[in-house]
Amino acid sequence: MNEAAWERVASLSELEGQERLSVIIDDLPAVLIRYDDKYYAIEDVCTHDGQPLTDGPVVNGTIECPRHGARFDLKSGAALCMPATQPIQTFDLEFRDGEIYARPSQSESSQQASFASTSTPAATQAESTTVETSEENTEEAPVASTSENSSDAPMVGAMLDSLKQVIDPELFVNIVDLGLVYDITEENNDVVVTMTLTSPSCPAGPQIVAQARDAITAMPGVNNAEIKLTMSPPWGPEMMTDDAKDQLGIF
């Protein structure tokens, strides 16, 4: 594999007195971040809805999208929290005589990382409903099931695709693009989906919950599926994907 060329993107003096600096790396919008005496460079685009990450809070080596709360690892770019499921591009950094050089990360494994459903702070948006599973599994790698009598559990991306079969009967848009799915965790082939509704009194709520449970239960490698409803944070139209907005004529 041909290595990308290093390019100068900024000087260390430009970061003096601030923790972030917007730059362009390899023709991509990026942001340099100084955190805990270390430097990171990430693509300045949330993979959930394409919005900038620049102003998102940085905590414990992660950055959070200021719009919908998706969280990404600063080092690997891995998506750690719904609604994002795909990693962001990260960049290698090199320092030469006070100048900062960067290139797209040469670590393929980091860019192939997927949503870590059973580790790290993945469930902060639905803290009240998923704290027990996240705390119990913080030391475990997000690997497939350890059950001896069943096949590997599906990946989170596959489960999201299955949940896209569930259509809100009032808006006629699937629940994933509507932004109703907050978190998915899996342990020993048992899946927990934390989601919300467009309103606490949504008349289609029982139907949507039942269909979501059926969609996950029907997948190979799933023993049991549980749907946990939460109203924190409350749903709003800004949580929808661009595809959903297009379908509803929201511009």
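Structure: see above.
Residues numbered from 1 in each chain as written. Predicted model: local features only at pLDDT ≥ 70, side-chain atom pairs only at ≥ 80, totals over all residues. Heavy atoms only, no water.

Engineer: Looking at this structure, I do not really get the overall build of the chain. What am I missing?
Structural biologist: Scanning the chain from terminus to terminus reveals five helices and twelve strands. Taken across its 251 residues, the chain has 49% of its residues classed as buried. Taking the contacts inside the chain whose residues are at least 6 apart along the sequence as the reference set, 55% of them involve residues at least 24 apart. With the model as given, the accessible surface of the chain reaches about 12,300 Å², and the carbon-plus-sulfur share is 48%. (Helix = DSSP H or I, 4+ residues; strand = E, 2+ residues; numbered from the N terminus. Buried < 20%, exposed > 50% of the residue type's maximum accessible area, 1.4 Å probe, protein only. Contact = heavy atoms within 4.5 Å. Areas by Shrake-Rupley, 256 points an atom, 1.4 Å probe, with all protein chains shown as cover.)

Engineer: Help me understand helix α3 (residues 156-163), please; the structure alone is not making it clear to me.
Structural biologist: Side chains three or four residues apart in an α-helix point the same way, a direct result of the helix having 3.6 residues per turn. If you check which residues of α3 are buried, you get Val-156, Met-159, Leu-160, Ser-162 and Leu-163. Seen from one end, α3 has its buried residues packed into an arc of 160 degrees, which puts them on one side. For α3, the secondary structure elements touched by its buried residues are β10 (181-187), β11 (190-195) and α4 (205-217). (Arc of directions from axis to C-beta.)

Engineer: Please clarify how the sheet that holds β10 should be interpreted in this entry.
Structural biologist: Hydrogen bonds along the backbone pair up the strands of a sheet, which may run parallel or antiparallel. Taken in spatial order, the three strands of this open sheet run β10-β11-β12, and their pairing is mixed. Looking at which strands have only one partner, the edges of the open sheet turn out to be β10 and β12 (224-229). The mean inter-strand angle of the sheet, taken between neighbouring strand axes irrespective of direction, is 15 degrees. Here β11 pairs with β12 via six bridges, running parallel. When the sheet's bridge partners are listed, Val-193 is paired in β12 with Ile-227. Sitting on the sheet, α3 is in contact with β10 and β11, with an inclination near 130 degrees to β10. Against the sheet, α4 contacts β11 and β12, and its axis sits at roughly 150 degrees relative to β12. (Pairing = 2+ DSSP bridges. Axes fitted to C-alpha atoms, helices over the stretch in contact; angles between N-to-C directions.)

Engineer: When you look at the packing of aromatic side chains in this model, what are you seeing that I'm missing?
Structural biologist: Each aromatic ring pair is specified by the distance between its two centres and by the angle formed by the two planes. Going through the model one piece at a time under the given rule, you end up with one aromatic pair. One cation-aromatic arrangement involves Arg-96 over Tyr-101; the distance from NZ or CZ to the ring centre is 4.0 Å. (Phe/Tyr/Trp six-rings, centres within 6.5 Å; stacked < 30°, edge-to-face > 60°. Lys NZ or Arg CZ within 6 Å of the ring centre and 35° of its normal.)

Engineer: When you look at the pattern of salt bridges in this model, what are you seeing that I'm missing?
Structural biologist: Opposite charge on two side chains permits them to pair, given that their charged atoms come into close proximity. Considering all chains together, one arrives at five salt bridges under this definition. Salt-bridge contacts for Arg-71 lead to Glu-64; the nearest nitrogen and oxygen are separated by 2.6 Å. The shortest N-O distance in the salt bridge between Arg-103 and Asp-92 comes to 3.7 Å. With Arg-103 in strand β9 (residues 99-104) and Asp-92 in strand β8 (residues 91-96), this pair connects stretches of sequence that are eleven residues apart. Several salt bridges converge on common partners, so that one network encompasses Arg-8, Glu-14 and Glu-99. (Salt bridge = Lys/Arg side-chain N within 4 Å of Asp/Glu carboxyl O.)

Engineer: Whenever I open this one, the nonpolar core confuses me. Can you help?
Structural biologist: A general feature of soluble globular proteins is that nonpolar side chains tend to end up buried together. Among the nonpolar cores identified, the biggest contains 33 residues, and Leu-163, Ile-175, Val-181, Ile-184, Val-193, Met-195 and Ile-216 are the most heavily contacted of them. Elements with a contribution of two residues or more to this core: α3, β10, β11, α4 and β12. At five residues, the largest contribution of residues to this core is made by α4. Sequence-distant contacts of Val-181, defined by excluding residues within four places in its chain, comprise Met-82, Leu-160, Leu-163, Ile-175, Val-176, Val-193, Thr-194 and Met-195. (Core = buried A, V, L, I, M, F, W, Y, C linked by side-chain atoms within 4.5 Å.)

Engineer: Is there a simple way to think about α4 in this case?
Structural biologist: Taking 1.5 Å as the rise per residue, α4 with 13 residues should run 18 Å; its terminal C-alpha atoms sit 18 Å apart, in good agreement. Within α4 the residues assigned to the buried category are Gly-205, Ile-208, Val-209, Ala-212, Ala-215 and Ile-216. The buried side chains of α4 occupy one side of the element, clustering within an arc of 130 degrees when seen end-on. Residues of α4 that are buried sit in contact with α3, β11 and β12. (Expected span 1.5 Å × (residues − 1).)

Engineer: In this structure, what is going on with unusual backbone geometry? I would like to understand it.
Structural biologist: Outside of glycine, negative phi angles account for most residues, and trans bonds account for most peptide bonds. The residue after Ser-232, namely Pro-233, is reached through a cis peptide bond having omega 0 degrees. Its place among the elements puts Pro-233 in the loop between β12 and α5 (242-248). A positive phi angle is found at Asp-36, which is not glycine, with a value near 55 degrees. Take Asp-36: it is sitting in the loop between β3 (28-35) and β4 (38-43). On the accessibility criterion, Asp-36 (62% relative accessible area) is exposed.

As far as function goes, none of this settles anything; it's purely spatial.
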